[in-house]
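Topology and contacts: notes
Letter by letter, the chains look like this.
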Amino acid sequence: MGLGVLTALLLAGAAVLLLSLPDANAFNTRVERIFIENDTLTSQAELKLLEILAQSGTAFSETLASYRMVIFVLLVFSCAMLLTALVFLLLLTGTNRRMAQIERSGIQVRSLVIQRAENMVYLNEMGFTLTPAALETLSVLAEARMDDDILSGAEIEAMVSGKSASDCEEAAGATRIKRLRDGLGNQIVSELLIRSVARRGYSLAVAKDAIEVR
C-alpha cells in the first residue's frame, strides 16, 4: 500500500508538471495571429520580420518538445530509483531483524568452564580473560545456578567480599555484574549468559550440567 501511494503521488506530480508546460505550438499560433491581424504589412522588411518570427516559433516548439521528453525521462528515472531505494531499505530492515533473531536463538551456551588459575572463562570453547574480581563474580553466579538460586546484588557482594549481606549494598553487586558483562565484551553473549530477574536478582542462563569450575 505504501509503495502504491508513493507511486501514485509521483505519477500525479509528473502529470501536473507536464500539463503545466506551455503548448509547443503556442508561439506559432501567436505568429499566425500577427499575420492575420496585420495583413497590411506588405513591405519586404516587414515580411522578412514575420518570416523570422515564424522560424523562431518552429524552433521554440521543437525545443519545448525535446524538453518535455527530457523531463519525462528524468521523472521516470527518479521514480524508479526512489522505489528501488525504498524496496532495498525494506529488504535490508527485514534482513537485519531476521539476523538478530537468528543470533539470539542460535547462540546457546553448551559449556561454561571457569579456570580460576588462569583467570579465564570458556564459553563454547571461546576463551575470555577476566579480572580476578569479575571471575569471582562469575564463579559465585555459577555456584548459585548449580543450586538453582537467584542472587541479589547485595548477596553477590557479600559472597565475593566475605561480608555479611546486611552490610552490603545492592548497587555494589550490580556494579560487579556490569563489570563482568564489560569483561565478557560481546553484548549478545553477556546478555544471554547473565539474566536479570526483576525484583529478585541475577542468574546464569546456563544448564547446570554445562557448568564446570576448575
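Higher on the page you've got the structure.
Now for a look at the structure at hand. (Residues numbered from 1 in each chain as written. Predicted model: local features only at pLDDT ≥ 70, side-chain atom pairs only at ≥ 80, totals over all residues. Heavy atoms only, no water.)

**Considerations on the overall build of the chain**
Rules: Only DSSP runs of H or I reaching four residues or more are called helices, and only runs of E reaching two or more are called strands; each is numbered from the N terminus. When a residue's accessible area, from a 1.4 Å probe over protein chains only, is under 20% of the maximum for its type it is buried; when over 50% it is exposed; and in between it is partly exposed. Residue contacts are counted whenever heavy atoms from the two residues lie within 4.5 Å of one another.
Secondary structure assignment for the chain yields seven helices and six strands. Each helix (α) and strand (β) of the chain, taken in turn from the N terminus, gives the series α-α-α-β-β-β-α-α-α-α-β-β-β. Counting only residues that meet the buried cut, the chain has 26% of its 214 residues in that class. A separation of at least 24 residues holds for 53% of the contacts in the chain among residues at least 6 apart in sequence.

**Some remarks on the pairing of strand β4 (residues 194-197)**
Taken residue by residue, a regular strand's side chains alternate between the two faces of the sheet. Put simply, the rule reads: When DSSP locates at least two bridges between a pair of strands, those strands are taken to pair.
As defined by bridge partners, β4 adjoins strand β5 (residues 201-204) across four bridges and the pair is classed as antiparallel. For Ser196, the partnering residue across the bridge sits in β5 and is Tyr202. Counted between consecutive antiparallel strands, the loop separating β4 from β5 contains three residues, among which Arg199 sits at a positive phi close to 60 degrees.

**Digging into a nonpolar patch on the surface**
Threshold: Here the term patch refers to residues with relative accessible area over 30% and no salt bridge, with like charges joined within 9 Å and nonpolar side chains (Val, Leu, Ile, Met, Phe, Trp, Tyr) within 5 Å. Calculation of accessible area relied on Shrake-Rupley with a 1.4 Å probe; when residues are assessed, cover is drawn exclusively from the protein chains displayed. What makes a salt bridge here is a side-chain nitrogen of Lys or Arg within 4 Å of a carboxyl oxygen of Asp or Glu, nothing more.
Taken together, the side chains of Leu3, Val87, Phe88 and Leu91 present a nonpolar region at the surface, about 360 Å² in accessible area. Top contributing element to the nonpolar patch by residue count: helix α3 (residues 44-106), with three residues. The topology assignment puts Leu91 in helix α3.

**Comments concerning helix α6 (residues 170-184)**
The test is simple: In this scheme, a helix's expected span is set at 1.5 Å multiplied by one less than its residue total. This arc is built from the directions going out from the helix axis to the C-beta atoms.
Here α6 spans 22 Å end to end across 15 residues, near enough to the 21 Å set by a 1.5 Å rise per residue. If you check which residues of α6 are buried, you get Gly173, Arg176, Ile177, Leu180, Arg181 and Leu184. Projection of α6 onto a plane perpendicular to its axis shows the buried side chains occupying an angular sector of 135 degrees, all on one side. Of the exposed residues in α6, the ones pointing more than 90 degrees away from its buried face are Lys178 and Arg179. Gly185 sits one or two positions beyond α6 and adopts a positive phi of about 85 degrees.

**A look at the sheet that holds strand β3 (residues 126-129)**
Remark on secondary structure: sheet strands pair via backbone hydrogen bonds, oriented parallel or antiparallel. Our working definition: Axis angles are defined between N-to-C directions and span 0 to 180 degrees, where every axis is a line fitted to C-alpha atoms and, for a helix, only to the segment in contact.
The strand order across the open sheet built from four strands is β3-β2-β1-β6, with neighbouring strands paired in mixed fashion. A strand with exactly one partner marks an edge of an open sheet, and here the two such strands are β3 and β6 (211-213). Shown here is a sheet whose adjacent strand axes are inclined to one another by a mean of 15 degrees, direction ignored. Where strand β2 (residues 120-123) meets β3, four bridges bridge the pair, whose relative direction is antiparallel. Looking across to β3, one finds that Leu123 is bridged to Met126. Where helix α4 (residues 132-146) meets the sheet, its contacts fall on β1 (112-115), β2 and β6, and the angle it forms with β1 comes to roughly 135 degrees.

On their own, these measurements won't tell you what the molecule is for.
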